[in-house]
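Here's the letter readout for the chains.
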Amino acid sequence: MSNEVTDQDAMDKLLTEMPPDEQLYDLAELFKVFGDTTRIKILYALLEAELCVGDLADYLNLTQTACSHQLRVLKNNKLVRFRREGKAVFYSLSDDHVKAILEKGMEHVEE
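Participant: With reference to specific residues and values, describe the packing of helix α3 (residues 37–48) against helix α5 (residues 64–76).
Facilitator: Contact geometry for α3 and α5: axes closest at 10 Å, N-to-C directions at 80°. By the criterion of interaxial angle, the relationship of α3 to α5 is roughly perpendicular. On α5, the residues touching Thr38, Arg39, Ile42, Leu43 and Leu46 of α3 are Cys67, Gln70, Leu71, Val73 and Leu74. Its residues assigned to classes, the contact of α3 with α5 comprises seven nonpolar, two polar and one charged.

Participant: Lay out the sheet that holds strand β1 (residues 51–52) in plain terms, naming residues and giving numbers.
Facilitator: Pairing is antiparallel across the open sheet formed by three strands, whose spatial order is β1-β3-β2. The two strands at the open ends of the sheet, each matched to only one other strand, are β1 and β2 (80–85). Sheet topology note: the β1/strand β3 (residues 88–93) ladder contains two bridges and is antiparallel. Looking across to β3, one finds that Leu51 is bridged to Tyr91. With respect to the sheet, α3 is in contact with β1, β2 and β3, its orientation differing from that of β3 by roughly 90°.

Participant: Kindly report on the pairing of β2, identifying the contributing residues and their values.
Facilitator: As paired elements, β2 and β3 share six bridges and run antiparallel to each other. Bridge pairing links Glu85 to Ala88 in β3. In textbook terms, the turn of a hairpin is the stretch between consecutive antiparallel strands, and for β2 and β3 this stretch comprises two residues, one of which, Gly86, has a positive phi near 65°.

Participant: Any chance you could break down the side chain of Ser94 for me, citing the residues and the numbers?
Facilitator: Within the element layout of this structure, Ser94 appears in the loop between β3 and α6 (96–110). At 3.0 Å, the side chain of Ser94 and the backbone oxygen of Lys78 are in polar contact. Ignoring sequence-local partners within four residues, the contact set of Ser94 consists of Lys78, Leu79, Val80 and Arg81.

Participant: For the packing of helix α4 (residues 53–60) against α5, give the residues involved together with the corresponding values.
Facilitator: Put simply, α4 and α5 touch, their axes get as near as 9 Å, and they point 110° apart. With respect to each other, α4 and α5 are oriented roughly perpendicular. The segment α4 lies against α5, with Val53, Gly54, Leu56 and Ala57 engaging Gln64, Cys67, Ser68 and Leu71. Here the residues of the contact of α4 with α5 sort into five nonpolar, three polar and no charged.

Rules used throughout
- Residues numbered from 1 in each chain as written.
- Predicted model: local features only at pLDDT ≥ 70, side-chain atom pairs only at ≥ 80, totals over all residues.
- Heavy atoms only, no water.
- Axes fitted to C-alpha atoms, helices over the stretch in contact; angles between N-to-C directions.
- Helix = DSSP H or I, 4+ residues; strand = E, 2+ residues; numbered from the N terminus.
- Parallel < 35°, antiparallel > 145°, perpendicular 65-115°, else oblique.
- Contact = heavy atoms within 4.5 Å.
- Nonpolar A, V, L, I, M, F, W, Y, C, P; charged D, E, K, R; others polar.
- Pairing = 2+ DSSP bridges.
- Polar contact = N/O pair within 3.5 Å; in protein donor to acceptor, adjacent residues only side chain to side chain.

No statement about biological role is implied by the geometric values presented.
What follows is the structure, encoded as structure tokens:
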């Protein structure tokens, strides 16, 4: 295999447009969050409605502790947000970006 660059313009463009390693690391970490079926199920449930931990846990047949743990991971990665109403905490998707990521991922899987 040759070490010669056959398209210097393409290589120069690649080098100038490649995001910094720190951003690529953050992106890789984000995709790791999507590597868990339980978290994906939670995100899909939240596509439909804002839900509290108890309802999510019941719907997904999880303990509230397990559900809370997964919600914490999702919250720490800015994929879900929450609001308090009395003693209840309701979760929803952070924004439309999360919905778009899920939809694009499903499109890819269904190809």
